[in-house]
Each structure stands twice: as C-alpha cells, then as structure tokens.
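Letter by letter, the chains look like this.
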Amino acid sequence: MSGVIAAVTMRAAERAKSLGVEQALEVLRQELEQVPRLGVLLGPTRPDGTEVRKTRVERRGSQPGLAVAYVYTPSPPPPTVAIVAVTPDDGTGSE
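Residues numbered from 1 in each chain as written. Predicted model: local features only at pLDDT ≥ 70, side-chain atom pairs only at ≥ 80, totals over all residues. Heavy atoms only, no water.

Visitor: Please clarify how the overall build of the protein chain should be interpreted in this entry.
Guide: Across its full length, the protein chain carries two helices and five strands. The helix and strand sequence of the protein chain, counted from the amino end, reads β-α-α-β-β-β-β. Here the protein chain has a C-alpha radius of gyration of 13 Å; the compact-globule value for 95 residues is 12 Å, and the two agree. For the protein chain, the C-alpha atoms occupy an extent of roughly 40 × 25 × 25 Å along the three principal directions. Counting every position in the protein chain, which comprises 95 residues, the buried fraction comes to 35%. Summarising the internal contacts of the protein chain: among those between residues at least 6 apart in sequence, 45% fall at separations of at least 24. (Helix = DSSP H or I, 4+ residues; strand = E, 2+ residues; numbered from the N terminus. Rg over C-alpha atoms; globule rule 2.2 N^0.38 Å. Buried < 20%, exposed > 50% of the residue type's maximum accessible area, 1.4 Å probe, protein only. Contact = heavy atoms within 4.5 Å.)

Visitor: When you look at helix α2 (residues 22-34) in this model, what are you seeing that I'm missing?
Guide: Side chains three or four residues apart in an α-helix point the same way, a direct result of the helix having 3.6 residues per turn. The first and last C-alpha atoms of α2 sit 19 Å apart over 13 residues, in line with the 18 Å expected at 1.5 Å per residue. Regarding α2, the residues found buried are Ala24, Leu25, Leu28, Arg29, Leu32 and Glu33. Buried residues belonging to α2 abut β1 (5-8), α1 (10-19), β3 (51-57), β4 (66-73) and β5 (80-88). (Expected span 1.5 Å × (residues − 1).)

Visitor: Explanation requested: the nonpolar core in the structure shown.
Guide: Within soluble globular proteins, side chains that are nonpolar generally end up buried alongside one another. Counting residues in each nonpolar core, the largest one holds 18 residues, and the members touching the most others are Leu25, Leu28, Leu32, Val68, Tyr70, Val81 and Ile83. Those elements that provide at least two residues to this core are α1, α2, β4 and β5. Setting aside anything within four residues of it in sequence, one finds Leu28 in contact with Leu38, Thr55, Val57 and Val68. (Core = buried A, V, L, I, M, F, W, Y, C linked by side-chain atoms within 4.5 Å.)

Visitor: What am I meant to see in the pattern of salt bridges here?
Guide: Two side chains of opposite charge can pair, provided their charged atoms sit close to one another. If you walk through the whole model with that rule in mind, you get seven salt bridges. Between Arg29 and Glu33 there is a salt bridge; the shortest N-O distance is 2.8 Å. With a gap of four residues between them, Arg29 and Glu33 both fall in helix α2, about one helical turn apart. For Arg53, the salt bridge is made with Glu51, and the minimal N-O distance between the two is 3.0 Å. Judged by relative accessible area, which is 9%, Arg53 ranks as buried. Salt bridges linked by common partners bring Glu26, Arg29 and Glu33 together as one network. (Salt bridge = Lys/Arg side-chain N within 4 Å of Asp/Glu carboxyl O.)

Shown next, in the form of structure tokens:
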C-alpha cells in the first residue's frame, strides 16, 4: 500500500451519480491510492508539491468515457488525492 488517501468531493460524486458512473469513479479512486500521478499534469507543480492533474476513464458499454480532474497533495503526510471534477469525454482530445 502506498499510504496515499484518495477521496471524491461531494460535487464530483454528485456528477458521477448523474452520469451513472459511480462504480467507475470508485475504481479510479482506488487506483489513485496506489498510483497518485496518473494522466497529465495541468499547469506547474506548486512549491509545496501540490499538482492538479487530469486522467481519463475509457468508455465501457453504455458508460461514457470520462475526463477526471484531481488534486494531488504530497504534504503534510499522508499524501492525499481529491477528485474534484468528472465530465463526459468523447476521447477526441490529446493526452
């Protein structure tokens, strides 16, 4: 176990529920606890190590592809990840 704590904000959880992708978001949350720097960095890393990142969840069956934004904060310990935004993603963007 990596010691990273990952959580979904209430707003992101509500959005996931409205899209019917709660399970996919939970799987991603668990994955971020193991690998907290998935996807791409959005902007510079702050001096305290905080990063805003974006990753994708691929489309599966009737579930849309998702773009998920999250904040990784390495300190103070334990490191944390907060999933802050979930949007449908058609997969046409670059990443």
